[in-house]
Amino acid sequence: MDETPTSRMLSWARNSTIYRLERRMMTEKQLFDAISKKAKQKFEDISGAQIKALADFAVKFAYELKVLDDVAFAEISTRSAVRSGKSKKAIAFKLASKGINGETVVAAVEEVDDLRSAVIFARKRGFGPFRRGELDEKRKAKELAAFARNGFSFSIGRRVFEMEREDAEEVLESNPAF
């Protein structure tokens, strides 16, 4: 069996790449995996070498069109995550799971201010300075555990937990980094 993809396969890979990247931004790994998976479904008797060749072709085609950029993806995803109150650790994990290389991940999360992100997280969840109800031991444990589960260090979680509302709002206003 021939190990090179047919022209029909290459045409499909080109169209599929355009279709996917029109709808949402993807990383190189996400595009490679999506094309590989769909090629297995679409073409009967396709070999592993042909699947890899199609996925490589799709990635190369996307780079030629300048619509695939892992660095831009990492920067945009980081800004979005910071605005929604994600920790530096959670952002780095998410980017790495999407196939972004380590150097790019480190560069993307370098400017992230975990204190500001923790204050945003607290505001979203009604924790710490944004608490609506009374504080008891159960509530205290719940809030501190939520900070830890979301990747914030104990010191940052405790700092936000003990903040006054004015101080929290000052942190939000003084650090509009993202």
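Conventions used here
- Residues numbered from 1 in each chain as written.
- Predicted model: local features only at pLDDT ≥ 70, side-chain atom pairs only at ≥ 80, totals over all residues.
- Heavy atoms only, no water.
- Buried < 20%, exposed > 50% of the residue type's maximum accessible area, 1.4 Å probe, protein only.
- Helix = DSSP H or I, 4+ residues; strand = E, 2+ residues; numbered from the N terminus.
- Arc of directions from axis to C-beta.
- Contact = heavy atoms within 4.5 Å.
- pLDDT = per-residue confidence, 0-100.
- Patch = residues over 30% accessible without salt bridge, like charges linked within 9 Å, V, L, I, M, F, W, Y side chains within 5 Å.
- Areas by Shrake-Rupley, 256 points an atom, 1.4 Å probe, with all protein chains shown as cover.
- Salt bridge = Lys/Arg side-chain N within 4 Å of Asp/Glu carboxyl O.
- Lys, Arg positive; Asp, Glu negative; His and termini not counted.
- Charge placed at Lys NZ, Arg CZ, Asp CG, Glu CD.
- Core = buried A, V, L, I, M, F, W, Y, C linked by side-chain atoms within 4.5 Å.
- 1 Å grid on protein atoms, 1.4 Å probe; cavity = no way out; pocket = protein on both sides within 12 Å on 5 of 7 lines; lining within 4 Å.
- Points joined across faces, edges and corners; volume = space filled by probe spheres on them.
- Nonpolar A, V, L, I, M, F, W, Y, C, P; charged D, E, K, R; others polar.

*Asks:* Go over helix H9 (residues 154–161) with me, naming the residues and quoting the values.
*Replies:* Along H9, the positions that sit buried rather than exposed are Ile156, Gly157, Val160 and Phe161. One side of H9 holds all its buried residues, which, seen down the axis, span an arc of 135 degrees. Away from its buried face, by an angle of more than 90 degrees, H9 presents the exposed residues Phe154, Ser155 and Arg159. Close packing links the buried residues of H9 with helix H7 (114–125) and helix H8 (137–149).

*Asks:* An account of the confidence of the model for the protein chain is needed here, citing residue identities and associated values.
*Replies:* Looking at the protein chain, pLDDT values average 91 and 97% of them are 70 or higher. Across the protein chain, helix H5 (residues 88–97) holds the top mean pLDDT of 95, while helix H10 (residues 165–174) sits lowest at 87.

*Asks:* Could you give an account of a positive patch on the surface, with specific residues and numbers?
*Replies:* Among the surface-exposed residues, Lys86, Lys94, Lys124, Arg125, Lys138, Lys142 and Arg149 lie close enough to one another that they form a single positively charged patch. Listed by contribution, the elements that provide at least two residues to the positive patch are H7 and H8. For the positive patch, the leading source of residues is H8, giving 3 residues. Relative to the assigned elements, Lys124 resides in helix H7.

*Asks:* Account for the pattern of salt bridges, with residues named and values stated.
*Replies:* Under the criterion given, the structure shown has 8 salt bridges. A salt bridge links Lys60 to Glu64; its shortest N-O distance comes to 3.1 Å. Pair noted here: Lys60 and Glu64 are both in helix H3 (residues 48–64), with a separation of 4 residues, about one helical turn. With a closest N to O distance of 3.2 Å, Arg165 and Glu169 form a salt bridge. Of this pair, Arg165 and Glu169 both sit in helix H10, 4 residues apart, which is roughly one turn of the helix. Assessed through its relative accessible area of 34%, Glu169 is described here as partly exposed. Salt bridges here are not isolated pairs; linked through shared partners, they connect Arg131, Arg139 and Glu143.

*Asks:* Give me the lowdown on the nonpolar core, citing residues and values where you can.
*Replies:* Most often, soluble globular proteins have nonpolar side chains that are buried together. The biggest cluster of nonpolar side chains holds 18 residues, and the ones touching the most others in it are Trp12, Leu31, Phe43, Ile46 and Leu54. Of all elements in the fold, only helix H1 (7–23), helix H2 (28–42) and H3 reach the threshold of two or more residues within this core. If you tally residues by element for this core, the top one is H3, at 6 residues. Ranked by size, the runner-up nonpolar core spans 17 residues in total, among them Ile120, Ala122, Phe147 and Leu172.

*Asks:* Please give an account of the layout of surface pockets that cites residues and values.
*Replies:* If you add up the space inside the largest pocket, you get close to 180 Å³. As for the largest pocket, its lining consists of Phe73, Ser77, Ser80, Ala81, Ser84, Lys86, Ala90, Ile91, Lys94, Leu95 and Lys98. When residues of the lining of the largest pocket are traced back to their parent elements, those giving at least two are helix H4 (70–83) and H5. Its residues assigned to classes, the lining of the largest pocket shows 5 nonpolar, 3 polar and 3 charged.

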